[in-house]
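# Topology and contacts: notes
One-letter residues, chain by chain:
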Amino acid sequence: MIEIGKINKLEVIREADFGLYLDGGKYGGILLPKNEAPENCKKGDHLEVFVYLDSDDYVVASTARPLIQVDEFATLTVAEVNDIGAFLEWGLPKQLFVPYAEQRKTLEQGQRITVRAYLDNTDRIAASTKLDKFLKNDTSQLSVGKEVQMFIVRKNDLGFSVIVDDLYWAVLHVKDVFRTVRPGHKRKGYIKRLLDHDKIDVMLEKPGYAKVDELCQQILDDLESRGGVSELSDKSKPEDIYQAFGISKKSYKMALGTLKKLGHIDISNTSISLK
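Residues numbered from 1 in each chain as written. Predicted model: local features only at pLDDT ≥ 70, side-chain atom pairs only at ≥ 80, totals over all residues. Heavy atoms only, no water.

## Points about the pattern of salt bridges
Tallying each qualifying case throughout the model produces 13 salt bridges. One salt bridge connects Lys133 with Glu102, and the closest N-O pair in it is separated by 2.8 Å. Linking Lys133 in the loop between β10 (125-128) and β11 (147-155) with Glu102 in the loop between β8 (96-99) and β9 (112-119), this pair joins segments that are 31 residues apart in sequence. Judged by its relative accessible area of 52%, Lys133 is exposed. Given a relative accessible area of 13%, Glu102 falls into the buried group. Through salt bridges with shared partners, a single network forms among Glu3, Lys6, Asp71 and Arg116. (Salt bridge = Lys/Arg side-chain N within 4 Å of Asp/Glu carboxyl O. Helix = DSSP H or I, 4+ residues; strand = E, 2+ residues; numbered from the N terminus. Buried < 20%, exposed > 50% of the residue type's maximum accessible area, 1.4 Å probe, protein only.)

Okay, here's the thing in structure tokens:
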């Protein structure tokens, strides 16, 4: 089934002087312009393409990867504002339209704004800054420790407001931020807490000891590769620990404590070593 506004994998069904026609199902042959067609592509090949409506409302394909797809969130730049709405840069020649009715506040040229892409009632791709109407309040399908995809929307008094799995508002507290995050970033994260009134706290790594077993093995493997000694101790800088293992100093110290308790390592002020 073809999804307008998303990446589709389509079969080449015909070659023409001006491009390739792809199998568009109910939409018939979908044109991929010649200047976007991969070299040596032929009938029967399958291509991953973005499908959308061009300025004449024809369904067309592009090998370009836009900055946002339908049902996703992204932070984009306002390229133009006119009498009918605003237009955003999103990586395609035809700019992304934000009707005035979908603007929480009137947009201005050059502004960076977070939007949700959707299909209007004519299958045209549009965007909205009214994010709340696309999100759920029922968090009953979530559980503590669940891995999620986070979209960083903006800073707040507690840390950052984020959107989880394109479905829920959540908060990433500043005390749980141990590497750089900025509005517009997408990051893997985990559910930290589920609070009353469907409030969600998230973090950048698995909460508690959930990650310790996995991390312990990584530390042991790293020690083996270094001949049994590593200068990365529990006194090391957080940035050095993150560069080596991609985790916070707190998680690293928890794992070292577990390994020491199990009798696998010795810890000094400047190093750790296999026993």
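## What about the environment of Asp83?
Topologically, Asp83 is positioned in the loop between β6 (73-81) and β7 (85-89). Residues Asp83 and Pro99 lie 16 residues apart in sequence; the distance between their C-alpha atoms is 9.7 Å.

## Examining the packing of aromatic side chains
Tallying each qualifying case throughout the model produces six aromatic pairs. Ring geometry for Phe87 and Phe97: centres 5.1 Å apart, planes at 35°, overall tilted. Of this pair, Phe87 sits in strand β7 while Phe97 is found in strand β8, placing the two residues 10 residues apart along the sequence. One aromatic cluster is present, built from ring pairs that chain together Phe50, Tyr52 and Trp90. Above the ring of Tyr21, the side-chain terminus of Arg14 is found at 4.2 Å from the ring centroid. (Phe/Tyr/Trp six-rings, centres within 6.5 Å; stacked < 30°, edge-to-face > 60°. Lys NZ or Arg CZ within 6 Å of the ring centre and 35° of its normal.)

Geometry only, nothing functional implied.
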